[in-house]
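Residues per chain are reported as follows:
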2 protein chains.
Amino acid sequence: MPINPDAVGATGEPVTHAWTSTDAILYALGVGAGAADPFDELEFTTENSNGVEQQVLPTMAVVLGAGGGSAFGSIGSFNPAMLVHGEQAITLHRPIPVQGEVSTVGQIIGIYDKGKGAVVESKAVSTDVATGEPLFTNVSSVFIRGEGGWGGDRGPSGPRNVPADRAPDHEVTYQTRTDQALLYRLSGDRNPLHSDPTFAAMGGFDRPILHGLCTYGFTGRALLHALCDGDPTRFTGLEGRFTSPVMPGEPLTVRMWTGDGEAVFQTVGGDGRVVLDAGRVTFG
Amino acid sequence: MPINPDAVGATGEPVTHAWTSTDAILYALGVGAGAADPFDELEFTTENSNGVEQQVLPTMAVVLGAGGGSAFGSIGSFNPAMLVHGEQAITLHRPIPVQGEVSTVGQIIGIYDKGKGAVVESKAVSTDVATGEPLFTNVSSVFIRGEGGWGGDRGPSGPRNVPADRAPDHEVTYQTRTDQALLYRLSGDRNPLHSDPTFAAMGGFDRPILHGLCTYGFTGRALLHALCDGDPTRFTGLEGRFTSPVMPGEPLTVRMWTGDGEAVFQTVGGDGRVVLDAGRVTFG
């Protein structure tokens, strides 16, 4: 059964995900918090430092809201090895608590025919089980190679979040480590593409690549510190498009062009190629 | 109430500790596995690499058997800030399973009067709950400043595990990271002495020091790879004495003098001072 373009609107069953203070720290370390200076980000990396209240990095929403994929059952069968992550957007309705539980409902919101493949867009709304209030929303799009060509709508296109024609207003560089993926994967995504050289070779890669969402987390940290003074309560949303695999050990540089309550950004790898493009962050 | 020298022989209540495959990976990353080369120790850092069976670092026994301290209730009250870790020995009765649960019973086996303080020796035997078989034994000694001087037995003294009068037979250097303690502490010991500069300053340290048992874990890895071909089933025991605090970010060099089924070792810091002395490892 090929992909079903009429699945737009289908929702999945609610999926719950609980987390602890330790999970929040593990996520923060996985996206590089404390690596450059172990005392710089104690609010994200420790729970018991004097005068420091533990906080959660906003991009942890992508890990905690990951259950939304259950809506994918409605689009029919496809080869998961043909799927690549295209875009990821998060909206923070309120700061993520240090520990808690969310219930996430996913919905397919768009299926587009790109000829060589299909783009499937899904939205997952995560509600705080303790309060019943929405905590964050993830919107992601994936590209599934080989599933296009049914003559359907190509979907929206054209440039978005284009940097202004000037030098970046801010630029932050973080060094990833060669073993970065070994730590990041403990936050949930155990795909061996990111850790096992044998598996990566079968996928056509010289060696395991970094999780796109790890790059996303490094990027979110850079934006949080450069634009929100490190305060997660000011960080309200992030979107971007994955354009190139990142190798663990590469430096990541986030270039930011600020506007009113928002900034456009690009993240580039060690050789200057753009790895996360068409980025936009909103903040208060 | 001062320390009670008659508490020798007192036992604590059994304490259970369960662990998962993820805990074993987190411990391995915390003691530096994969840091130099992310593909070198996949058996300790991943659970799903092709042709690689997950294994557990033998020194994880110190984390899993940590509940044995309940016997300390019998020695009377003392100021925990006056306690420093002196020695740690582990005996592996069989390899540690990737996941499981142990029940640990601690016993006070020695209390010695060193004048300026007391040395308290305890032994903790951990039994595999699933099989009822002993899995590992921890013996540790702590020095409690200010609790000596009752005219008691000074206990055994004199040099032990003295290196042979020749250059080491093997030498392995591992680099610790400045944020090493932030990761290691997720395996259980959340003492802010290892993470919070404010707390460390109150203890008289310029900055947070590395967990002694993290140094112990790095040392165990070096010995395992140099002497047991990385095979935990061959690693049967380890003992050593903590002689100097280690700063996160220091390189650790383990010098080994091999004998028949055992080796004497010392671990030295970046400036050559001995940080783990009178070491002995046994292997098959």
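Residues numbered from 1 in each chain as written. Chains lettered and ligands numbered in written order. Predicted model: local features only at pLDDT ≥ 70, side-chain atom pairs only at ≥ 80, totals over all residues. Heavy atoms only, no water.

Caption draft 1: Spotlight on the sheet that holds strand β3 (residues 100-113) of chain B. Residues and elements named next belong to chain B. Within the open sheet, the 10 strands sit side by side as β1-β3-β4-β5-β2-β7-β10-β9-β8-β6. Their pairing is antiparallel. The open sheet has two edge strands with one neighbour each: β1 (15-19) and β6 (170-175). Taking the axes of each pair of neighbouring strands and ignoring which way they run, one obtains an average angle of 20° across the sheet. As paired elements, strand β2 (residues 83-92) and strand β7 (residues 235-242) share five bridges and run antiparallel to each other. Looking at the pairing, Thr91 lines up with Gly237 of β7. (Pairing = 2+ DSSP bridges. Helix = DSSP H or I, 4+ residues; strand = E, 2+ residues; numbered from the N terminus. Axes fitted to C-alpha atoms, helices over the stretch in contact; angles between N-to-C directions.)

Caption draft 2: Quick peek at the domain arrangement of chain A. Residue and element names in this part refer to chain A. Per the domain assignment, the segments making up chain A are domain 1 (5-145) and domain 2 (170-283). The gap between the C-alpha centroids of domain 1 and domain 2 is 15 Å. The interface of domain 1 with domain 2 comprises 27 residues on the first partner and 27 residues on the second. Carbon and sulfur atoms make up 63% of the area that domain 1 and domain 2 hide from each other, which totals about 2300 Å². Contact with domain 2 buries area across many residues of domain 1, yet Leu26, Val31 and Gln88 alone supply 20% of it, more than any other trio. Taken together, the links from domain 1 to domain 2 amount to two salt bridges. Where Glu87 meets Arg241, a salt bridge forms, and the shortest distance between an N and an O atom there is 4.0 Å. Taken together, the connections running from domain 1 to domain 2 amount to 10 residue pairs in polar contact (both at pLDDT 80 or more). Residue assignment for the side of domain 1 that touches domain 2 shows that the elements contributing at least two residues are α1 (21-30), α2 (42-45), α3 (61-64) and β2 (83-92). It is β2 that contributes the most residues to the side of domain 1 that touches domain 2, eight residues altogether. Within the side of domain 1 that touches domain 2, the residues separate by chemical class into 16 nonpolar, eight polar and three charged. (Domains from an automatic or database assignment. Contact = heavy atoms within 4.5 Å. Buried area = accessible area lost by both parts, 1.4 Å probe. Salt bridge = Lys/Arg side-chain N within 4 Å of Asp/Glu carboxyl O. Polar contact = N/O pair within 3.5 Å; in protein donor to acceptor, adjacent residues only side chain to side chain. Nonpolar A, V, L, I, M, F, W, Y, C, P; charged D, E, K, R; others polar.)

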